[in-house]
Amino acid sequence: MKKIKKKKSASQAVPAFLVGWTHGEPPPPGYVAAWFDQAYGGPLGIRFLSLTGHHHFEAAHTNWITQVTVAPSTEIVEQWQGRLQWDHPRLALLFPQTNVPTDRRDAVLHVARMARGLTLLTDGTAYDVATGTYHNPSDWSDRDLVEFHLADHIQVEQREDLQRVRMWFHTRGLTKFGLDEVETFHPIGLSGRELEETVLKVAGQLIEQGKNPKVGEQVILGGGGHRVTVVRHRTDPIYGIPLAFREFRME
């Protein structure tokens, strides 16, 4: 007999963004919709997911939907306070749409726009869970998110691996697109700027394809014919949670 998998509720799933703030009540959904319509032309539709109040709702623009919880339980607030080491007593959780086509760029852009709006309306701080980055109101003002730019959603990080005398380059943020992160290695002492750009190009190509490449598969970058080969798949808990990585090497 086939076992039926239970669908995760919003409280069990990992949010794409958190927004924490100190003073004031959560902005009413109507305020959020008015801000969105002014910033991005709208319309933003609100659908309440609870009969007991307006703290849990979906914010929809065309076919893009973000689920928002602006008054989670005390337990959830305390869990994130401990993990992020911040003192904000109020918290909003934003979840991306999961039942989307292969290309998730519009859905990810929409949830980022919603995070920007709640940050500005509360004068709070947003936390991008996948990239591990924080955004204050001034940061979002510099990144208006009018259209999709890969660097707004993906970080490329590098770490020294002294034991093996090499640098580790990897993405953070591909998990928002339902993909494994990508990684590659480079000898210490050599310039890594070009390789960092290559990592970002690989991430962009995989987002366009909408699927993880298999080990041994080649990924063609842009129109120049440059390609990389995926050579390994592994899991690493370096950021406190198990993250899957696909290692690639230059051809």
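Description of the structure in this document. Just so it is clear, the structure is predicted and the values come from calculations on it, not from any experiment. (Residues numbered from 1 in each chain as written. Predicted model: local features only at pLDDT ≥ 70, side-chain atom pairs only at ≥ 80, totals over all residues. Heavy atoms only, no water.)

## Things to note about the pattern of salt bridges
We count it as follows: Within this document, salt bridges are pairs made up of a side-chain nitrogen of Lys or Arg and a carboxyl oxygen of Asp or Glu, the two lying within 4 Å of each other. In DSSP terms, a helix is any run of H or I states spanning at least four residues, a strand is any run of E spanning at least two, and both are numbered starting from the N terminus. Burial classes follow relative accessibility: with a 1.4 Å probe on protein chains only, a residue under 20% of its type's maximum area counts as buried, one over 50% as exposed, and anything between as partly exposed.
Scanning all chains against the criterion turns up 13 salt bridges. With a shortest N-O distance of 2.8 Å, Arg 234 and Glu 183 are connected by a salt bridge. Here Arg 234, found in strand β12 (residues 226-236), pairs with Glu 183, found in strand β10 (residues 181-187); they are 51 residues apart in sequence, far enough to count as distant. Each member of the pair, Arg 234 as well as Glu 183, is classed as buried. Taken together, the shared-partner salt bridges connect Glu 183, Arg 232, Arg 234, Asp 236, Glu 247 and Arg 249 into one network.

## With respect to the sheet that holds strand β11 (residues 218-221)
Basically, it comes down to this: DSSP-based pairing: two strands are paired if at least 2 bridges between them are found. Orientation is described by lines fitted to C-alpha atoms, with helices fitted over the stretch in contact, and by angles between N-to-C directions that extend from 0 to 180 degrees.
Pairing is mixed in the open sheet, where six strands are placed in the order β8-β9-β10-β13-β12-β11. Of all the strands in the sheet, just β8 (155-161) and β11 have a single pairing partner and so form its edges. Between one strand and the next, the sheet's axes are offset by a mean angle of 35°, whatever the strand orientation. Taken together, the five bridges between strand β9 (residues 166-172) and β10 define a ladder with antiparallel strand orientation. What sits directly across from His 170, in β10, is Glu 183.

## A look at the nonpolar core
We apply this condition: To define a nonpolar core, start from buried Ala, Val, Leu, Ile, Met, Phe, Trp, Tyr and Cys residues and group those joined through side-chain atoms within 4.5 Å. In what follows, residue pairs with any heavy atoms lying within 4.5 Å of each other are defined as contacts.
Counting residues in each nonpolar core, the largest one holds 25 residues, and the members touching the most others are Phe 17, Val 19, Leu 44, Leu 94, Met 114 and Leu 118. Those elements that provide at least two residues to this core are β1 (17-21), α1 (29-40), β3 (56-61), β5 (90-95) and α3 (105-122). Of the residues forming this core, the biggest block, six residues, is contributed by α3. Once you skip the residues sitting within four places of it in the chain, Val 19 turns out to touch Trp 86, Arg 90, Leu 91, Ala 92, Leu 94, Ala 115, Leu 118, Thr 119, Thr 122, Thr 125 and Ala 126. The next biggest cluster of nonpolar side chains, apart from the first, holds 21 residues, and it includes Leu 150, Ile 154, Val 202 and Val 228.

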